[in-house]
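Working through the structure, step by step
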Amino acid sequence: MNGTPLKQVPTRVVEWALPYWTRGEAGRQTPSDLFRVLYAGWLAAFVLKVLGSSWDVSWHFRWLRDDLAPPHLLNTVGTAIAVALTIVHWYTGYGVDRASSRLIVWGTGVFLIAIPLDLINHRVNGIDITAWSPSHALLFVGTALMLAGVIRGWYLGSGRYAEISGGRRALVLGGLFAFFLENAHFPEQHQEYGVLELASWDRGQPYAEPTLLNFAADQMGRAVDRAMVLKFSLPVPDAVYSVYAGVFGVAILVFARVMTGRRLTATTITAGYLAYRCLIWPLLVGGGFPPSAIPFFFLLAGIGVDLAFLVPIRLLRPLAGGVLATAGVYGGLMAQDRLLEAPPYAPGAWPYALAGLVVVWYAVEWFAGRKGLTAADAEARDAREKPAADSGSPVSTSPV
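A quick note: this is a predicted structure, and the numbers were derived from the prediction, not measured. (Residues numbered from 1 in each chain as written. Predicted model: local features only at pLDDT ≥ 70, side-chain atom pairs only at ≥ 80, totals over all residues. Heavy atoms only, no water.)

Glancing now at the confidence of the model for the chain. Here the chain shows a mean pLDDT of 88. Residues at 70 or above account for 90%. Across the chain, the element-wise mean pLDDT spans from 70 in helix α15 (residues 375-392) up to 97 in helix α12 (residues 297-308). For the stretch residues 389-400, pLDDT sits under 50, and the model shows 24 contacts to residues farther than four places along the chain or on other chains. (pLDDT = per-residue confidence, 0-100. Helix = DSSP H or I, 4+ residues; strand = E, 2+ residues; numbered from the N terminus. Contact = heavy atoms within 4.5 Å.)

As enumerated under the stated definition, the model contains 22 aromatic pairs in all. Residues Phe35 and Tyr39 carry aromatic rings whose centres are separated by 4.7 Å and whose planes lie at 40 degrees to one another, so their mutual orientation is tilted. Of the two residues, Phe35 and Tyr39 are both situated in helix α2 (residues 32-59); the distance of four residues between them amounts to about one turn of the helix. Judged on exposure class, the residue Phe35 and its partner Tyr39 are both buried. Ring plane angle 25 degrees and centroid distance 5.6 Å describe the contact between Phe35 and Trp154, whose orientation is recorded as stacked. With Phe35 in helix α2 and Trp154 in helix α5 (residues 134-157), this pair connects stretches of sequence that are 119 residues apart. We note that Phe35, like Trp154, is buried. Members of the aromatic cluster, joined through ring pairs, are Phe35, Tyr39, Trp154 and Tyr161. Taking NZ or CZ as reference, Arg23 lies 5.0 Å from the ring centre of Trp90, over its face. Above the face of the Tyr94 ring, Arg28 is positioned so that its terminal group lies 4.1 Å from the ring centre. (Phe/Tyr/Trp six-rings, centres within 6.5 Å; stacked < 30°, edge-to-face > 60°. Buried < 20%, exposed > 50% of the residue type's maximum accessible area, 1.4 Å probe, protein only. Lys NZ or Arg CZ within 6 Å of the ring centre and 35° of its normal.)

This is the structure in structure tokens:
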């Protein structure tokens, strides 16, 4: 595209893409330039969705909901890109195997169904008092399925191209898992914003606008008082925050470590997620939006996951890792609560988090091994497939 006038770029892109627009079954050989464009598109879509979502949750702790609010519009652009990519994968069969395509199609379908259901829910019930509502859960589940399909597609396909190095392959895979972690952790941001919202009320300077507080109070059928603000800010039991993070959040880090096979994978993913939260925090607060507690404790959990993979006996790894990661979650929350601010987390719930994590950790390693989704499986598959793929790959003519 070098030297091409800007007004001619759309024409050149269409000319490049049209030859690929042919019906095909999932798993067909994908030219390297098309593969890179498809997954660059997915990264762009998820970046926009994350930015919109981060802005959205902060927005809803200050103002009444608005369907056409800027965060929703930004998220919609990311969703539109994701839908377009889903159609491309489904119709052409490029860039994915059958299972990846099904996950992406089902995830996109669930997400699109959840949007009108969420709108109807808000029309009938007013504002959603919690991010943990059923209509919101469908949005998270749909995004998770979509991400699972993209992760599988990249994991299986990227090793076939010599120009995609092992480091780049692991970097993108880790980035996709960071998006997965963000999506899974998203509902817990309600508590991370809520704990500071309640504190702002106690100081006599609530972050939420009076219209939002009055609307929430009318919905609950009570006056605007501390009990109402408590229910609005922290509507789920305290144990939910730490148990959910300690089981599902850590399980995502375990899966990422198994698939990449790289040391410090879990630590790097959590550090990247926290870096993003630290970057977006001053931008939101500087723009007049409420602040949130940042889950710094997750870094200790990520370190615990990586340390567990130093255990040479595979059957003992989930036990050791469960202890290390659970200690990281609850010890980190305790330290964060004393030094900074942390959501309520019910310290006595740690045995449930530990037991749940150990069971899920065993399940993750068993599933990854059974389905050929480990780093060792990837190396063996690449050794078989890359020579044939290289010999048949066309010269790159990508417009990006």
